[in-house]
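Breakdown of the fold
This is what each chain is made of:
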Amino acid sequence: MSESTIKKTYTCIICPNGCDIEAEIKDGEILSITGHTCPKGEAYVHQELTAPTRTIAPSVLVTGGELPLASVRLTKPIPKDMIFPVMDEIKKLTITAPVCEGTVVLEKVCGLDSEVIITKNVKAK
Amino acid sequence: MEKKDVVIIGGGPAGLAAALELYNKGIHDIIILERENHLGGILRQCIHDGFGLSRFGKSLSGPEYAQAFINEIEKRHIPYMTNATVLELTNDKQIYAMTREGLKLYQAKAVVLVMGCRERSRGALGIPGERPSGVFTAGTAQAYMNLYNRMPAKEVVILGSGDIGMIMARRLTLEGAHVQAVFEIMPHPSGLPRNIIQCLEDYNIPLYLNHTVTDIHGGSRLTGVTISQVDEKLAPIPGTEKEYTCDTLILSVGLIPDNLLSTDAGVTLDPHTKGAYVDEHFQTNIPGVFAAGNVLHVHDLVDFVSLEAEALAHSAASYIHDGMLPPCNLAIKAGNGVGHTIPQKISGDMDFKLSLRVRSHYRDCRIVLRQNGEEIAVKKMKKAIPAEMIQFTVKSEKIQKHGELEVSVE
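Predicted, not measured: the structure shown is a model, and the values here were computed from it. (Residues numbered from 1 in each chain as written. Chains lettered and ligands numbered in written order. Predicted model: local features only at pLDDT ≥ 70, side-chain atom pairs only at ≥ 80, totals over all residues. Heavy atoms only, no water.)

**Things to note about the interface of chain A and chain B**
Inclusion rule: Residues count as neighbours in contact if any of their non-hydrogen atoms are within 4.5 Å of one another. Two parts placed together each lose some accessible area; with a 1.4 Å probe, that loss summed over both constitutes the buried area. The working definition used for a salt bridge is a side-chain nitrogen of Lys or Arg within 4 Å of a carboxyl oxygen of Asp or Glu. By the criterion applied in these results, polar contacts are pairs of N or O atoms within 3.5 Å in which, for protein atoms, one can donate a hydrogen and the other can accept it, and in which residues neighboring in sequence qualify only through two side-chain atoms.
Residue-level contacts link 35 residues of chain A with 34 residues of chain B. Of the roughly 2800 Å² buried between chain A and chain B on both sides combined, carbon and sulfur atoms contribute 53%. We note a salt bridge from Asp202(B) to Arg54(A), for which the minimum N-O separation is 2.3 Å. Linking chain A with chain B are 14 residue pairs in polar contact (both at pLDDT 80 or more), by the criterion used here.

**With respect to the domain arrangement of chain B**
Residue and element names in this part refer to chain B. Selection rule: What marks off one domain from the next here is an automatic or database domain assignment.
Taken domain by domain, chain B holds domain 1 (1–120 + 255–325), domain 2 (124–253) and domain 3 (328–410). On the domain 2 side, the residues contacting the twelve residues of domain 1 number 19 residues. Of all residues in domain 1, the largest losses of buried area upon contact with domain 2 belong to Gln45, Glu119 and Arg120, amounting jointly to 52% of the total for that side. On the surface where domain 1 and domain 2 come into contact, there are zero salt bridges.

**Description of the sheet that holds strand β5 (residues 59–63) of chain A**
Residues and elements named next belong to chain A. Put simply, the rule is: The criterion for strand pairing is that DSSP finds at least two bridges linking the strands in question. Put simply, DSSP H or I for four residues or longer makes a helix, DSSP E for two residues or longer makes a strand, and each gets a number counted from the N terminus. A fitted line through C-alpha atoms represents every axis, and for helices the fit uses only the stretch in contact; the resulting angles, taken between N-to-C directions, go from 0 to 180 degrees.
Spatial strand order, β8-β5-β6-β10-β9: five strands in an open sheet with mixed pairing. Whereas interior strands pair on both sides, the edge strands pair on one side only; in this sheet they are β8 (94–96) and β9 (104–106). With strand direction ignored, the average angle separating the axes of adjacent strands in the sheet is 40 degrees. Pairing between strand β6 (residues 69–74) and strand β10 (residues 116–118): three bridges, direction antiparallel. Considered in β10, the bridge of leucine 74 is made with valine 116.

**Considering the confidence of the model for chain B**
Put simply, the rule reads: pLDDT runs from 0 to 100 and stands for how confident the predictor is about each residue.
Overall, the prediction assigns chain B a mean pLDDT of 96, with 100% of residues at 70 or greater. Two numbers describe this predicted complex: its pTM, 0.95, and its ipTM, 0.93.

**Notes on the pattern of salt bridges**
What counts is decided by this rule: Three exposure classes are used, based on accessible area relative to the maximum for each residue type with a 1.4 Å probe and protein chains only: buried under 20%, partly exposed in between, and exposed over 50%.
Counted according to the given criterion, the structure contains 28 salt bridges over all chains. Here Lys108(A) makes a salt bridge to Asp113(A), at a shortest N to O gap of 3.9 Å. With a shortest N-O distance of 2.7 Å, Arg357(B) and Asp300(B) are connected by a salt bridge. In this pair, Arg357(B) sits in strand β23 (residues 352–358) while Asp300(B) sits in the loop between β19 (289–291) and α8 (302–322), placing the two residues 57 residues apart along the sequence. A residue is classified by how much of its surface remains accessible, and Arg357(B), at 14% relative accessible area, is buried.

This is how it looks when you write it as structure tokens:
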């Protein structure tokens, strides 16, 4: 192993198996990778190494509903450092009941390739 | 008194899956009794994603996972009643329920126990100190935030590394609270590794193992907690006390199956799972009374709750058809390194799924099921941790007519 090669351990977050993955990395390139039990693990390590992404699943305010809020989630992961800017956009939203699961409430949030969708039906009061 | 083939107590993920599968197997004279105003159980407040990866092949939020089942229930017009609290279950399968139509009495041929679980509270832990407001279980804080739009905290300390606690650490942070740390009394985290990464590490929230809360301060509202390190026997080490200023203490210190109705009916519980003793048909010691999901043993994934409830429905349907199920006389014991098993009894005549949890962390181990010294089934594991339920199918071919079975880590 040359001096610039580093060994790094990752816990894959793609599924609940949470594989412990060991990767040998040199100059930002993966030399070898072990411990993953599916191809998603390798893709995850590659993503973590280059540009880590995450999803978030908060809620938006609802007026006139049987509940004061409706849960939302992102349709695609976003860069990790965009989590709080995206949260700020989601917090600005107020929607009116009735609200239906699957409805898009923000397209291309913060210019990213991800949508904010409703995940809970909220009936009007 | 109303007669029903099957009464299902609880409209959470286990109850929904059981009802749907019973219906699909031709048992239509059923009813779901749900205490809350809506079907869906705890999933209604679990708005984070990550549900349904094995069942639906995609990452759904809790409400979406529940709705997928509710839609199927509605499509088939499967009867359910919300705001219906079961007050009593008798050992001859009569069910008394308080409903909007008044007190109702059902006589069921079979009863499905799917009441889920409850959180261990401060009282159950016996944490000393004052009794201010601001001490919540993780699920209570989750209900405040995700159902009622109430922000319960600004400066937060979390005790216990259960999954809901870690998920609430992230949720509170996203909504503007400051989560100082998570403290875990055990030498290993109790929640899933992926949640340590995506809920704590991503938000720079430290996790301290071998630590616990030893004092609680505050008059009307919490002002701070004392944290101490613990030794191998989990006893606080004098001199290690550290003060943390906070207005909220979140407890994520374990879940306990909610079996009050079961024990009143005479259902025998396993002291390890705190759920019923069941055979491979998910039948309890009372013929025709079945249990699955978190009321049987606490799961870490809802996908497995649904599968278990469907397996239960399969057996309950046979029970309705035949009036009985094949006897199960072979006991399964939890041996070295194993905390508990489900089922605890089998017939030996059919393949079954064995669920278990290990007691501590193991690497490159074998989970071995033995009978009369013979290996009946083996599962090799790269990593086995208490946070993850282990399941594997056991083939009946090698099982002998006599002799207790034991499952252990080797």
